[in-house]
Amino acid sequence: MRRTESESADRGDVTPDTSPYPIVVLSADGSVLRVSPSARILLGDVPQDRPDALRSRAPWLATAHLGLADGPRPPAPSAPSTSGPSGPSGAEPWGDGVRGLLDGRSLEGRPVPGTDGSVTWWLLDDSDRQRAERELARERERTAFLAEASSRLLASLNVERCMDVTVLEAVRRLADAAVVIGPNPGRRLRLVSCVRGGSPAAATTTQSPDMVPGLSEALQGFPPVPSRWINPAAAPAWLVPEGFGPVGSMAVVPLPGQGVPAGALVLLRHEDGAAFDENEETLARLFAARAGAAVSSARLYTEQAAITDTLMRELLPPRLQQTRGVEFAGGYRPAGDQDRVGGDFYDVHPATADQRETLAVLGDVCGKGLEAAVLTGKIRNTLHALLPLTGDHQRLLTLLNRALLTSHHTRFATLVLAAVRREGDRARVRVTSAGHPAPLVVRADGVVERVETRGSLIGVLPDVTSTTANLMLGPGESLVLFSDGITEARGGPLGGAEFGEDRLRAQLAGCAGMPAEAIVEHVQMIAAQWVGAGRHDDMAVVVISMPHGAHLSMVGGTGPGRYTA
Amino acid sequence: MTATANGGIRSTVTARAPGGAAVTTAGTRDWAEELWTSVSGADEGSATDVVFAALESGLDAESVLLDVVAAVQTRVGVEWAANRISVAQEHAATAINERVIGAMDRHPLVAAARPSAHRGHVTVACIDGEWHALPARILAQVLGLRGWRVDYLGAQVPTPHLIGHLHRTAPDAVALSASLSTRLPAAHMAITACQATGTPVLTGGAAFGPDGRYARQLGADVWAPDARSAAERLGEGLPEPAPAHQPVDDLPHLSDQEYTLVSRSKFRLVGAVMTGLEDRVPAMRDYTELQRQHTVEDIGHIVDFLAVALYTDDRSLFTGFLAWTADVLTARGVPAFTLRPALDLLAAELRDFPRARDLLAAGSGTVPSPPGPRGGTGDGGAR
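Residues numbered from 1 in each chain as written. Chains lettered and ligands numbered in written order. Predicted model: local features only at pLDDT ≥ 70, side-chain atom pairs only at ≥ 80, totals over all residues.

- Looking at an unreviewed UniProt entry, chain B carries the name Cobalamin-dependent protein, with the source organism given as Actinacidiphila acidipaludis.

Take a look at the structure:
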């Protein structure tokens, strides 16, 4: 032993007395040979030359030391064994050393074999690093939870779905059960609750939020309240999800909205579960901030969408159907795929007792998008008011022109009117174009004719002129009204070519005898395929068809077609 | 090669009715055959009569939809491919089938059979650019009959509209239908966008392949081969949607940009092939304007399918399309051998695109060789 020490000293190596780190030298049987002063602070006074003395203080070290003798001896002093045993003593192999606890401190022991069978154990105190690593892992886990929760919350702009996601995420990490309570503009509270492992369940209640301390304030979003832990005994039955059992701890966390209240989140834990610590409370608040932002965005979107839908409803093209034994069908594709409305419009006003003709109108307002659509709405309303005058197309157009000239809109419009009246198995149609592409007639034999009508566009000149064409539609014959978005569509297999009236006529020639909606769909599909992915104008088409065969005369009657529209 | 009709191209027929025949011939009448007679005669009234009679004979509404109406719609596609009906007639037949489905809804037996309890809420829509709405319509009806609340959005739904709808209504699932393989890139966009809203996506339709391989490739949560299995899968509950991701993550091969470049230069490619064909195939110089137009369209379809085969990195999608085109051309009495020079010309244009070149070489192997001097002229335009 002395020889070893003197050799070490001769080589200028650190000795236990001079080492800046705790060192303990053990003999092959585990007896303590030397202890550095710093190691003595850690280990206390360990009697020397007693093989079992160390075991009572640091069993993991003793076990690891004895394990060294069983395993392959490290070849070089700098490469200690990695095959140290992990025993019940709390030791575990760690990298190239062994790790264990001593008086609550985490120590890493690294063996350096001596030449005489003794082993010098360097003891590194890594308690702080361990704590930092644990803290880092916890923080990473929290961040990952928040990131994942955020991306799920951001996915939807639907309030119900956001509330579902909020409770699902809350039970995934924060609590055994969670309840989201929507802000209550009315008297009923809307709740979505979820127990860990279950599915969200929605409910409403007329109970007062005042029954839960802090809930009313949280729901009003004012005054600002911190999330708070409340006495679980204060949890009213309606708040606790069915089958949850006794509540161990409970917290109310407000969901901060964007200027509007977004509701509150209630977290519940079982009686036997761990109580919340400060970190978890912080995490719950961070999560609630995200959930609140998502719920209030969804609420804003829902409100906007409802407003848009209401306003849009009047601007959307109507659903057409068979009217007085004549088929009407229409199709519309706005210029922008984002849009639902645009500058093209159509309407069908069924015949009445006073007005014996059904009036179909298809028009095109200069421009695209919402602004053009607003003007189409005005024109459609004006035309509706002028319906008693449909007997005289010229007069109707004159009045419409005057109305447009006096409005503040600077846009103009073209349109075509078709007044339809059934006569037996045929239909008499009066057609007037006001600056609009002339409609086409598809005869039963496949001949396609252009209707000879022309007139000035509406909303530009003080006076308008027009000529009205009269025609008859026999069984299986159709009148096709369309906007220039179809004939002027650019595309084709080579790109850049105009679809043109000739191609439209060629397509319509194959449509003789077809139901009106089939012709509409055919024209729409051909035009859409022509433009492909390219840009296009608003495209509208209305087809007025005289059904062929006797069957449709049964419509509204008592024949086998009794359930047909 | 002047006969693939405008847009009728699909990889297989549009609707399936497995094992339908045995059911529909139960009793003494073959309802599908009777409906086919009415539909092909564009006789809406008698078509409705047939379906009502089938209902009143005891056939349940779902079987009428799937084994009679869908079976007839399948036959419409087959008849069109065999050149026995025109595209316009196909549309007329489809319109009548649509009306028949609408009329069924108003039949007291159907109304009585419809369960009131709601099992959940499903949105059914066709992919943007997909005009074949009937398979989706039939699925919507079947789901309605099984007690689902269904929002049916119809044909060619622009993806922004679909997503807006999902945000507003938050259905339990969205079912997307596509028949045309060329809609797969659009389908991919729609699937990813729907999943990004947290809505699981069920896909169906011929475009996704007979085994649903493209549905899986494009990351759909569920694929169903027909309306019955779609309804059953929905009934079992759907998985969580795939997490929001970039579409390119599903298809790493897109990083070579070949799809982008080929689809972007479609018009130039079609023009170059037309010019080249006129040099190589003397008969083309005598083509009428209409025949020329059909040829241009056919080449356009070839480029479209080449592009979608690049998108999916699936050779069989391209070779399958070419084999099918050759059959359709033959059915229309148009020699299919101009396909191969067209493929050669495309390969010359795309010599810097290894994947495209590989597809075109594989395609050349599946189309008929140009015959010897004896049959070297195409008469074209037999449409």
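Don't stop here, the text continues.
### Re the overall build of chain B
Point 1. Looking only at helices and strands, chain B has 17 helices and 5 strands in total.
Point 2. Counting across all 383 residues of chain B, residues that qualify as buried make up 55%.
Point 3. Nonlocal contacts in chain B, meaning residues at least 24 apart in sequence, comprise 77% of its contacts between residues at least 6 apart. (Helix = DSSP H or I, 4+ residues; strand = E, 2+ residues; numbered from the N terminus. Buried ≥ 20, exposed ≤ 12 C-beta atoms within 10 Å, placed from the backbone. Contact = placed C-beta atoms within 7 Å.)

### Things to note about the confidence of the model for chain A
Residues and elements named next belong to chain A.
Point 1. Residues with a pLDDT of 70 or more make up 88% of chain A, whose mean pLDDT is 83.
Point 2. For residues 1-12, every residue scores under 50 in pLDDT, and the model assigns this stretch 9 contacts once sequence neighbours within four places are set aside.
Point 3. Below a pLDDT of 50 lies the segment residues 550-565, which in the model reaches 27 contacts outside its immediate sequence neighbourhood of four places, other chains included. (pLDDT = per-residue confidence, 0-100.)

### Notes on the sheet that holds strand E15 (residues 358-365) of chain A
All names here are of chain A.
Point 1. The strand order across the open sheet built from 6 strands is E14-E15-E16-E17-E21-E20, with neighbouring strands paired in antiparallel fashion. Either end of the sheet is taken by a strand with one partner, and the two such strands are strand E14 (344-349) and strand E20 (454-455).
Point 2. Summarising the sheet, E14 and E15 pair through 6 bridges and their orientation is antiparallel. Bridging from a neighbouring strand, Tyr346 pairs with Leu362 of E15.
Point 3. Contacts from helix H10 (residues 393-406) reach strand E16 (413-423), strand E17 (426-434), E20 and strand E21 (466-473) within the one sheet, and its direction differs from that of E21 by about 130°. (Pairing = 2+ DSSP bridges. Axes fitted to C-alpha atoms, helices over the stretch in contact; angles between N-to-C directions.)

### Considerations on the pairing of E15 of chain A
Point 1. By the criterion of burial, E15 of chain A is predominantly enclosed, with 8 of the 8 residues buried.
Point 2. Taking every second residue as pointing to the same face, both faces of E15 of chain A are buried, with Thr358, Ala360, Leu362 and Asp364 of chain A on one and Leu359, Val361, Gly363 and Val365 of chain A on the other.

### Quick notes on the UniProt feature "domain: B12-binding" (unreviewed entry) in chain B
Point 1. Sequence positions flagged by UniProt for "domain: B12-binding" (unreviewed entry) are, in local numbering, residues 119-245 of chain B.
Point 2. Within residues 119-245 of chain B, the helical portion is 40% and the strand portion 18%, while the C-alpha atoms at the span's ends are 30 Å from each other. (UniProt positions renumbered as here; feature names shortened; annotations may be inferred.)

### Notes on the sheet that holds strand E13 (residues 327-333) of chain A
Residue and element names in this part refer to chain A.
Point 1. A sheet is described by the order of its strands in space; here 5 strands give the open sequence E13-E25-E22-E18-E19, paired in antiparallel fashion. At either margin of the open sheet sits one strand with a lone partner, and together these are E13 and strand E19 (448-450). For this sheet, the mean inter-axis angle between neighbouring strands, taken without regard to orientation, is 20°.
Point 2. As paired strands, strand E18 (residues 440-442) and E19 are joined by 3 bridges and run antiparallel to one another. Among the inter-strand pairings, Val442 is bridged to a residue of E19, identified as Val448.

### Topic: the interface of chain A and chain B
Point 1. Between chain A and chain B, the contact holds 36 residues from the first and 38 residues from the second.
Point 2. With 7 residues, the single largest contributor to the side of chain A that touches chain B is helix H13 (residues 516-531) of chain A.
Point 3. By residue class, the composition of the side of chain A that touches chain B is 17 nonpolar, 13 polar and 6 charged. (Nonpolar A, V, L, I, M, F, W, Y, C, P; charged D, E, K, R; others polar.)

### Some points on the pairing of E17 of chain A
Residues and elements named next belong to chain A.
Point 1. As defined by bridge partners, E16 adjoins E17 across 9 bridges and the pair is classed as antiparallel. By the bridge assignment for E17, Ala418 is matched with Val431.
Point 2. Both E17 and E21 contribute to a ladder of 6 bridges, which runs antiparallel. Looking at the pairing, Ala427 lines up with Leu473 of E21.

### Considering the packing of helix H6 (residues 159-173) of chain A against helix H8 (residues 278-313) of chain A
Residues and elements named next belong to chain A.
Point 1. Where H6 meets H8, the closest approach of the two axes is 8 Å, and the angle between their N-to-C directions is 170°. As the angle between them shows, H6 and H8 are arranged roughly antiparallel. Crossing angle aside, the handedness with which H6 passes H8 is right-handed. Contact residues: H6 offers Val159, Cys162, Met163, Thr166, Glu169 and Ala170, while H8 offers Phe287, Ala291, Ala294, Val295, Ala298, Arg299 and Thr302.
Point 2. Its residues assigned to classes, the contact of H6 with H8 shows 9 nonpolar, 2 polar and 2 charged. (Parallel < 35°, antiparallel > 145°, perpendicular 65-115°, else oblique. Left-handed = near helix turned anticlockwise from the far one by under 90°.)

### Here's the deal with the packing of helix H16 (residues 339-349) of chain B against helix H17 (residues 354-366) of chain B
Residues and elements named next belong to chain B.
Point 1. Between H16 and H17, the least distance of the axes is 9 Å, while the angle of their chain directions is 165°. Accordingly, the angle class assigned to the pair H16 and H17 is roughly antiparallel. Crossing geometry of H16 relative to H17 is assigned as left-handed. On H17, the residues touching Arg340, Leu343, Asp344, Leu346 and Ala347 of H16 are Arg357, Leu360, Ala361, Gly363 and Ser364.
Point 2. Considered class by class, the residues forming the contact of H16 with H17 number 5 nonpolar, 2 polar and 3 charged.

### Quick word on the nonpolar core
Point 1. Grouped together as the largest cluster of nonpolar side chains are 198 residues, with contacts concentrated most on Ala360, Ala418 and Ile544 of chain A together with Leu35, Val51 and Leu306 of chain B.
Point 2. In terms of nonpolar packing, the next biggest core, distinct from the first, is built from 49 residues, Cys162, Val167, Ala262 and Leu267 of chain A among them. (Core = buried A, V, L, I, M, F, W, Y, C linked by C-beta atoms within 7 Å.)

### With respect to the environment of Asp125 of chain A
Residues and elements named next belong to chain A.
Point 1. Considering the arrangement of structural elements, one finds Asp125 in strand E6 (residues 119-125).
Point 2. You can call Asp125 partly exposed: it has 16 C-beta atoms within 10 Å.
Point 3. Discounting chain neighbours no more than four positions away, the residues touching Asp125 are Arg105 and Leu107.

### Considering unusual backbone geometry
Point 1. Backbone geometry places Asp103 of chain A, a non-glycine residue, at a positive phi of 50°.
Point 2. Its place among the elements puts Asp103 of chain A in the loop between strand E4 (97-102) and strand E5 (105-113).
Point 3. We classify Asp103 of chain A as exposed; it has 10 C-beta atoms within 10 Å.
Point 4. Residues other than glycine seldom take positive phi values, yet Ala170 of chain B does so here, at roughly 45°.
Point 5. Relative to the assigned elements, Ala170 of chain B resides in the loop between helix H8 (159-169) and strand E3 (173-177).
Point 6. In this structure Ala170 of chain B comes out as buried when scored by C-beta crowding, with 21 C-beta atoms within 10 Å.

### A look at helix H9 (residues 369-385) of chain A
All names here are of chain A.
Point 1. With 17 residues, H9 should reach 24 Å at 1.5 Å per residue; the first-to-last C-alpha distance of 25 Å fits that figure.
Point 2. Listed as buried for H9 are Ala372, Ala373, Leu375, Thr376, Ile379, Arg380 and Leu383. Taken around the axis of H9, the buried residues stretch over an arc of 160°, which confines them to a single face. Away from the buried face of H9 by more than 90 degrees, exposed residues Asn381, His384 and Ala385 are located. (Expected span 1.5 Å × (residues − 1). Arc of directions from axis to C-beta.)

### As for helix H13 (residues 266-280) of chain B
All names here are of chain B.
Point 1. Helix length check: H13, at 15 residues, gives a terminal C-alpha distance of 21 Å against a target of 21 Å (1.5 Å per residue), a fit within 8%.
Point 2. Where H13 is concerned, the buried positions are Lys266, Leu269, Val270, Val273 and Leu277. For H13, the angular spread of the buried residues around the axis is 95°, confining them to a single face. Opposite the buried face of H13, at more than 90 degrees from it, the exposed residues are Thr275 and Asp279.
Point 3. In this fold, the buried residues of H13 make contact with helix H12 (258-264), helix H14 (289-312) and H16.

### Considering the environment of Leu124 of chain A
Residues and elements named next belong to chain A.
Point 1. Within the secondary structure, Leu124 sits in strand E6.
Point 2. Judged by C-beta crowding, with 15 C-beta atoms within 10 Å, Leu124 ranks as partly exposed.
Point 3. For the pair Leu124 and Gly109, spaced 15 residues apart in the sequence, the C-alpha separation amounts to 6.3 Å.
Point 4. If near-sequence neighbours (up to four positions away) are discounted, Leu124 is found in contact with Tyr21, Leu107, Glu108 and Arg110.

### Quick look at the environment of Phe145 of chain A
Residues and elements named next belong to chain A.
Point 1. You can see Phe145 is positioned in helix H5 (residues 127-155).
Point 2. You can call Phe145 partly exposed: it has 17 C-beta atoms within 10 Å.
Point 3. C-alpha of Phe145 to C-alpha of Thr352: the two residues are 207 residues apart in sequence and 65 Å apart in space.

### Some thoughts on the confidence of the model for chain B
Residue and element names in this part refer to chain B.
Point 1. The share of residues in chain B with pLDDT of 70 or more is 89%, and the mean pLDDT across the chain is 83.
Point 2. Within the model, pLDDT remains below 50 along residues 1-26, and this stretch shows 90 contacts once partners closer than five positions in the same chain are excluded.
Point 3. Segment residues 373-383: pLDDT under 50, and 25 contacts once partners within four positions in sequence are set aside and those in other chains are kept.
Point 4. The ipTM for the predicted assembly is 0.81, set against a pTM of 0.80.

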